[in-house]
Structure formats: structure tokens, C-alpha cells
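A structural walkthrough
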Amino acid sequence: MLSVYVDLALGLVTSFLLLSLLVSGLNEGFVRLLSIRSKFLWAYLRDTMDGAAPSGHSWLPSRVSDVFAKLPFSEDPRPAHNEQPSPSEVAPVPEREGALTGLFYQRVREIDYAKRGRTTISDIPPERFSVAMMEMASAEKDGVEGLLAKLQAVGSPLHGHLQGLWEGSQRDLNRFRQGVESWFDAEMQRLSMLYRRYVKWVVAVLGFVVMLLFSMDGLEYAKTLLRDNAYRSAVSAIAGGDTERLEPLREECATPGNPYRCVTETLSSPALVKIFDHAIVSVVIPEEGDPSLSWNGGVWWERLTTLSHWPGFLVTYLALLFGAPFWWDVLRRITGLRSTK
């Protein structure tokens, strides 16, 4: 009896892992397509160096709705991409507002990707940031003091941070550089935490969309695993990579041979693929010939409008919120436990 529930757990975990991987893939595609990471970093740099956007608001998103609208589709905070290396001579800070970020980009653009349009830099090492600050200070007549005066004159929010570090280092250049490095490293950690918090909302929305598109009823799937011994054996065998667990299916096969082929012929489709049978568009992959797509809108809509399925939908949705790493770890632990018996 215990093995039945272990198989049930393995089947559910595997299905949640597959859907979670799909959600993660969609999220990563969304992030890469719209360059969200790069925009997030440069929005922070704009706020820190040049202040608020022309609209008067922060460049960084302050609300969840801004993550989906403002940051991806509104004003792009990133500088224009430049394929040339940094100039050999560092230009002094221009005495006008909103120019510091562009000057900073000149000092770090060696790490930029060779891509047209906007910069794709999404990560700046703290050491590189501190060196860039020292390079910019070296271009001023009075060194760090001159840089701080320029930052104050143009109203840069960075002035307050660097002024405190400069006084705290007792105006020692080496200690000041180390202080700038440590400060920027702490800021990047804080920014990463903020980014992950916003990404959770994106994943939550994508998880809900995936759950609806595939109309995956976790409770219904669990009942199928409990009631259908052959189906449960197929799922646990394929998920766990254990061909011996396919033995119960041999009795239902018309001809002997490869147990995985037997599962496919008996169940009409690979066991794990059955969790996608109720998607709005179903995919059939035959042993011979090309895959085919079929519109499944009627059945899909009927499931969505049936209230008895919604508890199972919500179970699936809550499971997806845990994320693919969580379900991969659970799957690894279950299969590891099974292999020791």
C-alpha cells in the first residue's frame, strides 16, 4: 500500500515539475525578450546617478502593475549601445542634469554585448563600479572633492552616498575605493532581492495562465493515479526511470517487446503526456509521421466552466507557485528514497 502512495506522489510531483518548468521557461523568455534584467539595473542606476525620470517618477517600478507595463514598455532607462571601447581619456562630469549615467556607461561598456540598440549589460561587478568612480574622479581638477562638487551641482542623488563614504574613509583614496565597492555590492544584493520579489508576481501570473491553458486538475489527476494501476505504474516507471515497474503493463500489451512502446500503445499516448490532454490545443506525436495539432477548445472550455474542477485547478496553481527548483528537489528525494529500497 505504501508503494501506491509513493507512486502517487511521484506522479504528482513529476506533473507539477513539468508545468513549473514551462512557467519558468515562459518567464525566462519574457525576461530575455524584453531585456527586463538590464532595464532593471539601469533603472536603478538612473535613479541613483541622475535622479527621477522626465515624468517626475522613479525609473524603478514601484508597483506590481509597473513590472508588466512601465518597465517593459515605457521609457527605456538604458543608454544607447556603443561597440567602441571606453575612451582612453576620461571626460569630466558635465555640468548638467541627467548626464552622469551616460558618462558612467563610457567607463563600463567593454563588458557590453555586441548588440545594436540599447545596452544589454545586466550585471556590473562592484569592483568595476568602484574603478569607474575612481576614473571619473581622476578627470576632475580636485579629484574626489571635485567629483563630489560636480555631483552636488547637478543634483545627483549619488552625491550623498559618495560624500558619506569619502568622509567615513577619512579622505583616504584606497579606503574610499573599498568603501564604494562594498556599498555598491550591498546595493546590488538589495536590488536582487527587489527583483526576485517582482519576478514572483510575474511567475504567479504566468502560473495562473498555464494552469488555465492546460486545465490541469491536480485532484482529478491524483484520482486517476490511484484508481488506474497500469497508468500509475507507467507514470512512476517513466518518471523514476525504473523499467522494472513497467512489468504490470505487460499483461495488457498485445505483443511483447519494448515496455515503453507497450505503454504508448496501451494508453494511446506516453503516460506523462496525458496531463496535457485537456489543454486548449492538444499535440499528438505518432510513432511514424509528423506531429499534429488539434483544437480542443470545446472540451477545454467545458472543463473551465465546470465548478467541480476548480478545486483541482487551485491545487495545481498553488503547486506551481513553489517553482521548478522545489519540485525538482522533491522528485530527487523521492527517487533517491525509492532507489535505496
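Reading the values: rules and limits
- Residues numbered from 1 in each chain as written.
- Predicted model: local features only at pLDDT ≥ 70, side-chain atom pairs only at ≥ 80, totals over all residues.
- Heavy atoms only, no water.
- UniProt positions renumbered as here; feature names shortened; annotations may be inferred.
- Helix = DSSP H or I, 4+ residues; strand = E, 2+ residues; numbered from the N terminus.
- Buried < 20%, exposed > 50% of the residue type's maximum accessible area, 1.4 Å probe, protein only.
- Arc of directions from axis to C-beta.
- Polar contact = N/O pair within 3.5 Å; in protein donor to acceptor, adjacent residues only side chain to side chain.
- Contact = heavy atoms within 4.5 Å.
- Patch = residues over 30% accessible without salt bridge, like charges linked within 9 Å, V, L, I, M, F, W, Y side chains within 5 Å.
- Areas by Shrake-Rupley, 256 points an atom, 1.4 Å probe, with all protein chains shown as cover.
- Salt bridge = Lys/Arg side-chain N within 4 Å of Asp/Glu carboxyl O.

Remarks on the UniProt feature "transmembrane region" (unreviewed entry) in the chain
The feature "transmembrane region" (unreviewed entry), as annotated in UniProt, sits at residues 6-27, 198-216 and 310-331 in this numbering. Across residues 198-216, the secondary structure splits into 89% helix and 0% strand, with the terminal C-alpha atoms separated by 26 Å. The span residues 310-331 carries 91% helix and 0% strand; its end-to-end C-alpha distance comes to 25 Å.

A closer look at helix H13 (residues 297-304)
Side chains three or four residues apart in an α-helix point the same way, a direct result of the helix having 3.6 residues per turn. By the burial criterion, the buried members of H13 are Gly297, Trp300, Arg303 and Leu304. The buried residues of H13 occupy an angular sector of 130° when the element is viewed end-on, so they sit on one face. The outward face of H13, more than 90 degrees from its buried face, is lined by the exposed residues Gly298 and Glu302.

Description of the side chain of arginine 46
Its location among the elements puts arginine 46 in helix H2 (residues 36-49). Engagement of the side chain of arginine 46 in a polar contact is seen with the backbone oxygen of proline 77, the distance being 2.7 Å. Excluding residues that lie within four positions of it along the chain, arginine 46 makes contacts with Gly51, Trp59, Pro77, Arg78, Pro79, Gly98 and Thr101.

Notes on a nonpolar patch on the surface
Taken together, the side chains of Val205, Val209 and Leu213 present a nonpolar region at the surface, about 210 Å² in accessible area. By the secondary structure assignment, valine 205 is in helix H9 (residues 173-214).

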